[in-house]
Amino acid sequence: MVFLQHALMDSSAGWLLLGPKRSLALQLADAGFDVWLGNSRGNRYSRNHTHLDPDVHSEFWDYSWDDLAQYDLPASIRYSLAVSQQSSLVYIGYSQGTMIGLAALASQPQLAVSVSLAVLIAPVAFTTAMTSPAFVLSSRLGFDRFALSQGWGEWGSFQQKNSDAIVPVCRRYPSFCLGYLTAFCGSNPRGNVADGMVPLVVRHLPAGTNVKVMSQWAQSLRRGSKRFLHRFDYGSECSNSSSARLNSAAGGVMRCNMEVYGQAEPPVYDPAAITTPLALFTGTGRMCSACCMQFVLAGYTMCSWFT
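The following refers to the structure shown. (Residues numbered from 1 in each chain as written. Predicted model: local features only at pLDDT ≥ 70, side-chain atom pairs only at ≥ 80, totals over all residues. Heavy atoms only, no water.)

1. Re unusual backbone geometry
Definition in use: Secondary structure counts use DSSP, requiring at least four H or I residues in a row for a helix and at least two E residues in a row for a strand, with both numbered from the N terminus.
Between L205 and P206 the backbone carries a cis peptide bond, its omega angle lying at -10°. Topologically, P206 is positioned in the loop between α9 (197–204) and β6 (209–210). Its identity as a non-glycine residue notwithstanding, Q85 has a phi of 55°, on the positive side. Mapped onto the fold, Q85 is located in the loop between α2 (65–84) and β3 (89–94).

2. A word on empty space enclosed by the protein
We apply this condition: For cavity detection a 1 Å grid was placed over the protein atoms alone, and a set of points counts as a cavity when a 1.4 Å probe fits there but cannot get out; an open set counts as a pocket when protein lies on both sides within 12 Å along at least five of seven lines, with lining residues being those that have an atom within 4 Å of a point. Grid points are joined across faces, edges and corners, and a volume is the space filled by probe spheres set on the points. Residue polarity is assigned by list, with Asp, Glu, Lys and Arg as charged and Ala, Val, Leu, Ile, Met, Phe, Trp, Tyr, Cys and Pro as nonpolar; anything else, Gly included, falls into the polar class.
What the rule picks out here adds up to 3 cavities of 30 Å³ or more. As a volume, the largest cavity reaches approximately 120 Å³. Lining the largest cavity are 13 residues, and of these Q216, Q219, S220, L229 and H230 lie nearest its centre. If one sorts the elements of the lining of the largest cavity by residue count, helix α10 (residues 211–223) sits on top with 4 residues. Of the residues belonging to the lining of the largest cavity, the class tally is 5 nonpolar, 5 polar and 3 charged.

3. Some words on the nonpolar core
To keep it simple, the criterion reads: We call a set of buried Ala, Val, Leu, Ile, Met, Phe, Trp, Tyr and Cys residues a nonpolar core when their side-chain atoms join them within 4.5 Å. Only protein chains enter the area calculation, which uses a 1.4 Å probe; residues under 20% of their type maximum are buried, those over 50% are exposed, and those in between are partly exposed. What makes two residues a contact is simply this: any of their non-hydrogen atoms within 4.5 Å.
Ranked by size, the top nonpolar core spans 41 residues in total, and within it W65, I77, L89 and Y91 carry the most contacts. For this core, the elements supplying multiple residues, two or more each, are α2, β3, α3 (96–107), α4 (109–112), β4 (115–121), α10 and β9 (278–281). Looking at this core, the element that brings in the most residues is α3, giving 7 residues. For W65, the residues in contact, after removing those within four places along its chain, are M99, I100, A103, V213, Q216, W217, L229, H230 and Y269.

4. Focus: the state of the cysteines
Rules: Any two cysteine sulfur atoms lying within 2.5 Å of each other are counted as a disulfide.
Applying the stated rule across the entire model yields 1 disulfide. With its sulfur 2.0 Å from that of its partner, C170 forms a disulfide with C177. Here the S-S torsion is close to -90°, and the disulfide linking C170 with C177 is therefore left-handed. C170 sits in the buried class, given a relative accessible area of 1%.

5. Thoughts on a nonpolar patch on the surface
Keep this limit in mind: Only residues whose relative accessible area exceeds 30% and that form no salt bridge are eligible for patches; like-charged ones are grouped when within 9 Å, while nonpolar side chains (Val, Leu, Ile, Met, Phe, Trp, Tyr) are grouped when within 5 Å. Working definition of accessibility: Shrake-Rupley area with a 1.4 Å probe, residue cover restricted to the visible protein chains. One side-chain nitrogen of Lys or Arg within 4 Å of one carboxyl oxygen of Asp or Glu is enough to make a salt bridge.
Nonpolar side chains collect at one region of the surface, where I166, V169, Y173 and F176 lie side by side and expose about 370 Å² of accessible area between them. In this fold, V169 is placed in helix α7 (residues 160–172). Using a relative accessible area of 33% as the deciding quantity, one classes V169 as partly exposed.

6. A short note on the pattern of salt bridges
Applying the stated rule across the entire model yields 8 salt bridges. D72 is the partner of R41 in a salt bridge, and the nearest nitrogen-oxygen pair spans 2.8 Å. A residue pair is termed long-range when its members are at least 10 positions apart, and R41 in the loop between β2 (35–37) and α2 and D72 in helix α2 qualify at 31 residues. Put simply, R47, D55 and E154 are held in one network by salt bridges that share partners.

Function cannot be inferred from these measures alone, as they are strictly geometric.
This is the structure in structure tokens:
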């Protein structure tokens, strides 16, 4: 049994775009695996709520990727195991899917028992080597702080009309669209994205997320940690008016780290606490070995990497 979790701003569609015989999800299904595809809260396929309307209620957007790791992913795994009547599964995450998987496994031993192996594709835990010019620049400039202070909730929502407009352009000028994608998603030094794939990819992107998740990524980049994953940073001074405005984005609730966590600094996820075997896959041997080495230096030794 396999559970696949997509990247930031993506959706379960990403596991299917290559089609039969090529997409990972369909290859696994053809091989006899029971395959489950997750969708992170807030993307185009995950906007339901028992009583909140994401188009009306700002409270819907008041979550970080901590919530994805603490609540959403464990609930999805428990549900899939119950329906399939299995005791464990293989977890496969891509980019942000690896980060929330690592955070969940590091903080919830009971979940780790249910995961026999975690396969991490383009693994992310420490963002010091991020290659997206647009994201690095916006993070350094603190654009996420501005967005939160303005009360923005949703980020990068999927718009069908935009998709319909850009696909013909990308069919005719795939290099232009690939340049746009790499500016936001990171470099593609091997040039391993076929021109014919570009329109398929942009047809489904961006799938949507929220400002708070984007801000947590920006916080990680600014912090520059190479040992721990940090929870969302609400600020250390509860009485600071700018800090209060910064953290009142969704739902109008003013918070700080002391109120949320009971301490001045956000708590951390320690990779050394993970007991599940990890298999790391990335595009270049140098980056992959460096990534795995960071896990080793952080105290985690059950790490294998592949290119």
